[in-house]
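# Residue-level structure breakdown
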Amino acid sequence: QVQLVESGGGLVQPGGSLRLSCAASGSIFSINVMGWYRQAPGKQRESVATITSRGSTIYADSVKGRFTISRDNAKNTVYMEMNSLKPEDSAVYYCNVAWGPRNNYWGQGTQVTVSV
């Protein structure tokens, strides 16, 4: 069983910063992809950023240059530094870890609200 526990969400003013963390535990294959996804009310869940166990990253165009994803393989933890936050970044952010076609796990989500 794999569990993902997220932390770091909250309320921030436009232009502010937040750092999300997600710790994974359980039987996790060492070669995997970890990532952050988000879902705003009335919208589909979308990929924000992903990082492989070797450190290759992919970002959504909307966050390039503002968000940075990183990971600590020894701790099975993924982070995302979010800077220059905009109101449109407001959403529930979900952590994900996946490997192979049948192993795809999600965290419970953490709310990020960007508002004055």
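Described in the following lines is the structure provided in the data block. (Residues numbered from 1 in each chain as written. Predicted model: local features only at pLDDT ≥ 70, side-chain atom pairs only at ≥ 80, totals over all residues. Heavy atoms only, no water.)

Okay, the pattern of salt bridges next. Applying the stated rule across the entire model yields five salt bridges. Arg-38 is the partner of Glu-46 in a salt bridge, and the nearest nitrogen-oxygen pair spans 2.7 Å. On the basis of relative accessible area, Glu-46 is assigned to the partly exposed category, the value being 35%. Assessed through its relative accessible area of 6%, Arg-38 is described here as buried. Notably, a salt bridge pairs Lys-64 with Asp-61, separated by 3.1 Å at the nearest N-O pair. (Salt bridge = Lys/Arg side-chain N within 4 Å of Asp/Glu carboxyl O. Buried < 20%, exposed > 50% of the residue type's maximum accessible area, 1.4 Å probe, protein only.)

Turning our attention to the state of the cysteines. For the structure shown, the criterion picks out one disulfide. Across a sulfur-sulfur distance of 2.1 Å, Cys-22 and Cys-95 are joined as a disulfide pair. With the S-S bond torsion at -85 degrees, the cross-link from Cys-22 to Cys-95 turns out left-handed. Of the two residues, Cys-22 is situated in strand 3 (residues 18-26) and Cys-95 in strand 9 (residues 91-99); the sequence distance between them amounts to 73 residues. We note that Cys-22, like Cys-95, is buried. (Disulfide = S-S within 2.5 Å. Helix = DSSP H or I, 4+ residues; strand = E, 2+ residues; numbered from the N terminus.)

By size, the foremost hydrophobic cluster in this structure holds 29 residues, and its most contacted members are Trp-36, Val-48, Phe-67, Val-78, Met-80, Met-82 and Tyr-93. Mapped by element, the contributors of at least two residues to this core are strand 1 (2-7), strand 3, strand 4 (33-39), strand 5 (46-52), strand 7 (67-72), strand 8 (77-82), strand 9 and strand 11 (110-114). Here the element with the most residues in this core is strand 9; it accounts for five residues. Ignoring sequence-local partners within four residues, the contact set of Val-48 consists of Trp-36, Tyr-37, Arg-38, Ile-58, Tyr-59, Ala-60, Val-63, Phe-67, Met-80 and Tyr-93. (Core = buried A, V, L, I, M, F, W, Y, C linked by side-chain atoms within 4.5 Å. Contact = heavy atoms within 4.5 Å.)

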